[in-house]
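# Chain and residue survey
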Amino acid sequence: MTENPSIQGVYITTYGCQMNVNDSERMFSLLELSNYQEVQKPDDANLIIINSCSVREKPVHKVHSEVGRYRQLKKENPNLIIGVGGCVGQQEKKKLLSDVPLLDFVFGPDNIDTLPSLVSEVRAKQERVAKAKFDYQSPYQVETLVRNPGVSTFVNITKGCDNFCTFCIVPFTRGRERSRSMKDLIDDINKLVERGTKEVTLLGQNVNSYKSDCGANFAQLMKTVATDTDIQRVRFTTSHPKDFDQELCDVLQNHRSKLCDYIHLPVQSGSSSILDRMNRRYTREEYLEKVKMIKDTIPGVSLSTDIIVGFPGETDQDFADTLSIVQEVGYETIFAFKYSPRPYTKAAKFTDQVAEDVKSARLNQLFAEHRELGFELAKRYDGQVLDILVEGTDDKREGVAHGRSTQNKLVHFNGTADLIGKVVPVRINKVAPNSLKGELQH
Ligand code: 5AD
Ligand code: SF4
């Protein structure tokens, strides 16, 4: 528990993507300015927030069961208030308050900055409140708020999405796309560098459609970050294949030492007819052309992807097309999910939903095939010396440090805490299916 009695404990659980992890950090930062301090156990908190995600699976279910676990705490501590933020908050709004009587407040991703006043309002008025309004008017201006920026930090560059893929709830929960100004971003990154950050990951639902108020596009932003800041490494996620262009490839190649040899390019499916029904706005062939452009311009770049199996109407042949595109592209990493119908989305209303057991079998087969492929591809690193940005040391094994190569591969090697934050050469001497091991080069 906190030592100063006027300081109250806040406990936040986070589900979902990096965007949500970053949002929780923002909540902590804002609440610390209003006399709250993070606690490690819900028992020590006067404020509990569930930062939810509704992109996949049963998010409302999860919220119900988590809030249920706090029933006893609420009985014991009359000062305890519980809120739900994030995409479920946006999706359910007031309805969540009526469905979950233990909840005190609900808020959406666009209302995070009002969190301290929202919490004060709930306490002062002893009322239950739902705030889930999009701010459509003002430009997207936020300073990156992180309490203790580590070696690697996330920076939001856009919010929302205008693409409306038919499976995806994000355009409904995070609203229309907005970009932060390039000047603000450069200032933000320079401040993080001063505070010791070595790597930033630029975040957006579709970073490629970034557009600064000065007219700069994503390629120009990347180039400016590479040339006008002292950050050592820059990553970005997520890219939409339809907007990935030659200009961006050229910038990535020309500033390769800083901009990393890793691109996450979600394909979702290898079948053109499924891609059409997903409203992805590219065919299998067009996607493969983008991959060729990337590989031709940035030889040796590492690729990863997101895949959905069991999208409505997906036949055995469509799924076979997904398996074959995985082999053809040669992704080092895949993130694959069973299709899950989401509220408000078009695909949820499609009548040819795929049976759950078929989805599970396809997901297993995809993972099994990729496990072998990923292992084969990782063998290219054997014997190579990779530049590793050291992120930490192992808690359990003394003298073992870990970090990432520019290809985003996690590498364990002999190293000590004084190396954290430095880029060091490590010769890879063991390739396992999920990890690389190596020897520090002096
Ligand atoms: N069902 C399954 N996976 C989904 N994703 C987004 N919406 C759904 C859904 N309804 C996946 C996509 C996306 C990733 C972030 O989550 O693959 O790229
Ligand atoms: Fe969702 Fe498609 Fe937007 Fe990505 S691009 S957030 S999948 S709607």
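In this text the structure is predicted, and so the values were computed from the model without any measurement.

What counts and how
- Residues numbered from 1 in each chain as written.
- Chains lettered and ligands numbered in written order.
- Predicted model: local features only at pLDDT ≥ 70, side-chain atom pairs only at ≥ 80, totals over all residues.
- Heavy atoms only, no water.
- Near = heavy atom within 4 Å.
- Polar contact = N/O pair within 3.5 Å; in protein donor to acceptor, adjacent residues only side chain to side chain.
- Areas by Shrake-Rupley, 256 points an atom, 1.4 Å probe, with all protein chains shown as cover.
- Nonpolar A, V, L, I, M, F, W, Y, C, P; charged D, E, K, R; others polar.
- Helix = DSSP H or I, 4+ residues; strand = E, 2+ residues; numbered from the N terminus.
- Buried < 20%, exposed > 50% of the residue type's maximum accessible area, 1.4 Å probe, protein only.
- Phe/Tyr/Trp six-rings, centres within 6.5 Å; stacked < 30°, edge-to-face > 60°.
- Lys NZ or Arg CZ within 6 Å of the ring centre and 35° of its normal.
- Contact = heavy atoms within 4.5 Å.
- Expected span 1.5 Å × (residues − 1).
- Pairing = 2+ DSSP bridges.
- Patch = residues over 30% accessible without salt bridge, like charges linked within 9 Å, V, L, I, M, F, W, Y side chains within 5 Å.
- Salt bridge = Lys/Arg side-chain N within 4 Å of Asp/Glu carboxyl O.
- Domains from an automatic or database assignment.
- Axes fitted to C-alpha atoms, helices over the stretch in contact; angles between N-to-C directions.
- Arc of directions from axis to C-beta.

All residues adjacent to ligand 1 are V55, R56, F167, Q268, D306, I308, F337, K338, Y339, S340 and R342. The separation between an oxygen atom of ligand 1 and a polar side-chain atom of R56 is 2.5 Å. Measuring from a nitrogen atom of ligand 1, one finds a backbone N or O atom of F167 at 2.9 Å. The protein chains hide 86% of the 400 Å² of surface that ligand 1 would expose on its own. A class-by-class count of the residues in the shell around ligand 1 yields five nonpolar, two polar and four charged.

By the element assignment, D250 lies in helix 10 (residues 246-254). On the accessibility criterion, D250 (33% relative accessible area) is partly exposed. On a C-alpha basis, the gap between D250 and I231 in space is 20 Å, while along the polypeptide they are 19 residues apart.

What follows covers the packing of aromatic side chains. Here the structure, examined in full by the defined rule, presents eight aromatic pairs. Feature note: the residues F167, F311, Y339 and F350 constitute an aromatic cluster, connected by ring pairs. Sitting over the ring of F337, R56 keeps its end group 3.7 Å from the ring centre. Over the face of the ring belonging to F375 we find K379, whose NZ or CZ atom lies 4.7 Å from the ring centre.

Relative to the helices and strands, L275 resides in helix 12 (residues 272-277). Classification of L275 as buried rests on a relative accessible area of 0%. The sequence separation of L275 and D318 amounts to 43 residues, and the corresponding C-alpha distance is 9.9 Å. In contact with L275, other than residues within four places in its own chain, are V267, S269, R280, Y282, T283 and R284.

In this fold, S340 is placed in the loop between strand 14 (333-338) and helix 15 (356-378). Residues within four places of S340 in sequence aside, it is in contact with R56 and E57.

To continue, consider helix 15. Between its first and last C-alpha atoms helix 15 spans 32 Å; for 23 residues at 1.5 Å apiece the expected length is 33 Å, and the two agree. On the buried face of helix 15, the contacting elements are strand 13 (302-309), helix 14 (316-329), strand 14, strand 18 (423-431) and strand 19 (436-440).

So, about the pairing of strand 15 (residues 385-393). With five bridges connecting them, strand 15 and strand 18 associate as antiparallel partners. Bridge pairing in strand 18 places D387 opposite P425. Here four bridges tie strand 15 to strand 16 (residues 400-404), and the two strands are oriented antiparallel to one another. Residue pairing for strand 16: L389 is matched across the bridge by R404. In sequence, strand 15 turns back onto strand 16 through a hairpin of six residues, with G399 there showing a positive phi of about 80°.

Taken together, the side chains of F164, F172 and Y344 define a hydrophobic patch exposed on the protein surface, amounting to about 270 Å² of accessible area. Here F172 is to be found in helix 7 (residues 170-173). Accessibility expressed as a relative area gives 31% for F172, which makes it partly exposed.

You can read the domains of the protein as domain 1 (8-131), domain 2 (152-379) and domain 3 (382-440). For domain 1 and domain 3, the distance between their C-alpha centroids amounts to 37 Å.

What the three strands build is an open sheet, ordered 7-10-11; its pairing is parallel. Either end of the sheet is taken by a strand with one partner, and the two such strands are strand 7 (152-156) and strand 11 (233-237). Neighbour-to-neighbour, the strand axes of this sheet turn through a mean angle of 25°, independent of strand direction. Note: strand 7 against strand 10 (residues 199-203), five bridges, orientation parallel. Bridge pairing in strand 10 places F154 opposite T201.

Attention now moves to the site of ligand 2. In the region of ligand 2, the neighbouring residues are C161, N163, F164, C165, F167, C168, V170, P171, Q205, H240 and R280. In the shell around ligand 2, the residues fall into seven nonpolar, three polar and one charged.

Now for helix 14. Relative to the 20 Å expected for 14 residues at 1.5 Å per residue, helix 14 spans 20 Å between its end C-alpha atoms, a close match to the ideal helical length. What helix 14 keeps buried is the set D318, F319, T322, L323, I325, V326 and V329. Taken around the axis of helix 14, the buried residues stretch over an arc of 160°, which confines them to a single face. Across helix 14 from its buried face, at more than 90 degrees, point the exposed residues D316, Q317 and E328. On its buried side, helix 14 packs onto helix 12, helix 13 (284-297), strand 13 and helix 15. Once helix 14 finishes, G330 follows within two positions and takes phi at roughly 75°, a positive value.

For the structure shown, the criterion picks out 26 salt bridges. The closest approach of N and O atoms between D316 and R362, which form a salt bridge, is 2.9 Å. With D316 in helix 14 and R362 in helix 15, this residue pair connects regions lying 46 residues apart in the sequence. By relative accessible area, R362 is classed as buried at 7%. Three or more residues are tied together by salt bridges with common partners; here these are E92, K95 and D99.

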